[in-house]
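# Structural characterization, general
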Amino acid sequence: MMRSPAQELAQLQEQNLLRSLAQIEGGEVPWVTVGERRLLNFSSNDYLGLSQHPALKSAAIEATREHGTGATASRLVCGTFRYHRELEQRIAVLKETDDARLFANGYSTALGTITALVSKGDTVILDKLCHASLIDAARLSGATIRVFPHNQTERLAAILRNTREKSGSTTRILVVTESVFSMDGDTCPLAEIVALKNQYEAILLLDEAHALGVLGPRGLGLAEELGLQKQVDFQMGTLGKAAGSAGGYLAASQDWIDLLTNKARSFIYSTAPPPAQVAASQAGLDLICSSHGQKLRGDLRNRIALLTSEAGLAGNLPATPIIPHILGDNELALSVSHRLREQGLLVPAIRFPTVPRNTARLRITLSAAHSAEEISSLAAALKAFS
C-alpha cells in the first residue's frame, strides 16, 4: 500500500524533524509578536534593521502611488518599469560590472542563473555547505556535479585540475560558493578560490546573500572587502536580508547578463517584482552604502563582539551576524529553543536537512537594531540553558 502523508509526518515527528508555521506579527525591530507573546527576535536576517526604516516605506508607497501594486507581467513582456532598470544599473555600478538582473527572490536567482550557465557536458563544483537553492540549481542544470569539503581549497584545486584535464576547451567549469555561509556564519577563502578558478580557466559564482550590508567598506560584501569584485564572474545576492526588502540579483558582464535574459527560465517566466518592492530595495541599498549604513555596520560589529564575549561563543573573523550554537541533538536543540522562548527570546532550532545530521543548533542572528542590554539578556540565557 502506498505510504500516506500521515505516515511521513509521524516519522518526522519521531525524529524531532517536524516543522510547522508560526504566524508572526511585525512591530518595532527587533521585536515581533507570536500569538499573544511579544518576543525579542534573534532569528531574522534583517542585519541592519532596515525592514522598518521610514525611507524604505516611503519609497514603496511612492512607487505604489505611481504604478499600483503589481508589475502585471514578466519582464520580457511588459513588466519592466523604470524602477527595475534603475536598480539593476545601480547594482552594476556598485558591483563594478556591466549590468545586473533582478529576480523575484534569491532561490529563483540561483535556479535561473546556474541552469542558464551550464548544461550537460559542463561541470559545477560546489562547496559542500552551499545553500539548497544552489544545490538544486546544479542538479536541474544537467551538468556534472562535484562537491569539495567546506572551504578546503586543496581539494577544490584537485577537482579543478582533474576536471580541466578531462574536459574540452569549450566545456564550462563553474565554481559555486558563498561569501558568508548561512548556517555557520563563516566566510569562504575567496582570494584562494579566485586564484584557482583563474588558473584552471573556470568561472566563479559567489553568493553574497548574507554579506551584503555586512562586509566591505560600503557594505557590498566579501568581494568588495577583499578588492576582488572584478575577479568574480557572477556576483549574486538578495535584497530581502540586510537591504530590508525582497528580491534577488545577479551582476556580471554584459554578454553573460544578455544570456541570462534569454535563457534563465525563472526570469523569463515569472511576473516581475512589484515596483514598490524594487523601490524599497533601492532605498535599502542606498542606506547600506551611506555613512548611516557604515555606522550601522559598526553597531552590528559591537553587538557581535559583545555576545561572543559574554556568552563564551566562538566569534567569526571577519565578524558576521550569524552565530551558530551547535548542540548536536535535535531534541536538545528544540528544548533549548523552547526554554529561550519562555524567557521572551526567539532563537530557532535548526535541524537536518537544513544542516548536516547530528549538528542541530541554535542559529543566532544579530542586528544593529539590538541594544547592548538585549544582547546581554540573550547571553545570560544561553549560559543558563545550554
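Presented here is an overview of the structure given in this document.

About the thresholds
Residues numbered from 1 in each chain as written. Predicted model: local features only at pLDDT ≥ 70, side-chain atom pairs only at ≥ 80, totals over all residues. Heavy atoms only, no water. Helix = DSSP H or I, 4+ residues; strand = E, 2+ residues; numbered from the N terminus. Contact = heavy atoms within 4.5 Å. Disulfide = S-S within 2.5 Å. Buried < 20%, exposed > 50% of the residue type's maximum accessible area, 1.4 Å probe, protein only. Core = buried A, V, L, I, M, F, W, Y, C linked by side-chain atoms within 4.5 Å. Pairing = 2+ DSSP bridges. Axes fitted to C-alpha atoms, helices over the stretch in contact; angles between N-to-C directions. Polar contact = N/O pair within 3.5 Å; in protein donor to acceptor, adjacent residues only side chain to side chain.

## Things to note about the environment of Leu134
Tracing the backbone shows Leu134 in helix H5 (residues 132-141). Setting aside anything within four residues of it in sequence, one finds Leu134 in contact with Ala110, Ile114, Leu126, Val176, Glu178, Leu205, Asp207 and Met236.

## With respect to the state of the cysteines
Summed over the entire model, instances satisfying the criterion amount to zero disulfides. You can see Cys130 has no disulfide; the closest cysteine sulfur is in Cys188, sitting 9.3 Å from it. With relative accessibility at 5%, the residue Cys130 sits in the buried group.

## As for the nonpolar core
Membership of the largest hydrophobic core comes to 79 residues, with the highest contact counts inside it found for Leu307 and Ile364. In this structure Leu307 touches Gly312, Ile323, Ile364, Leu366, Ile375, Leu378, Ala379 and Leu382, once residues within four positions along its chain are discounted. Among the nonpolar cores identified, the runner-up in size contains 27 residues, and Leu117, Val124, Leu250 and Phe267 belong to it.

## Some points on the sheet that holds strand E9 (residues 234-238)
The sheet built from seven strands is open, its strands ordered E4-E10-E9-E8-E7-E5-E6 with mixed pairing. Whereas interior strands pair on both sides, the edge strands pair on one side only; in this sheet they are strand E4 (99-103) and strand E6 (144-148). Recorded for the sheet is a direction-independent mean angle of 20 degrees between the axes of neighbouring strands. Summarising the sheet, strand E5 (residues 123-127) and E6 pair through five bridges and their orientation is parallel. Its bridge partner lying in E6, Ile125 is registered against Arg146. Contacts from helix H3 (residues 82-95) reach E4, E9 and strand E10 (248-252) within the one sheet, and its direction differs from that of E4 by about 130 degrees.

## So, the side chain of Glu88
Summarising the element assignment, Glu88 is placed in helix H3. Assessed through its relative accessible area of 0%, Glu88 is described here as buried. Of note is the side chain of Glu88, whose polar atom sits 2.9 Å from the side chain of Arg75. Within the structure, the side chain of Glu88 is placed 3.0 Å from the backbone nitrogen of Leu102, a separation counted as a polar contact. For Glu88, the contacting residues outside a window of four places in its chain are Arg75, Asp99, Ala100, Arg101 and Leu102.

## What about the sheet that holds strand E12 (residues 345-346)?
Here four strands make up an open sheet; going across it, the order is E1-E2-E3-E12 and the pairing mixed. Of all strands in the sheet, those with a lone pairing partner are strand E1 (24-25) and E12, marking the two edges. As paired elements, E1 and strand E2 (residues 31-34) share two bridges and run antiparallel to each other. In the sheet register, Ile24 faces E2, and the bridge partner there is Val34.

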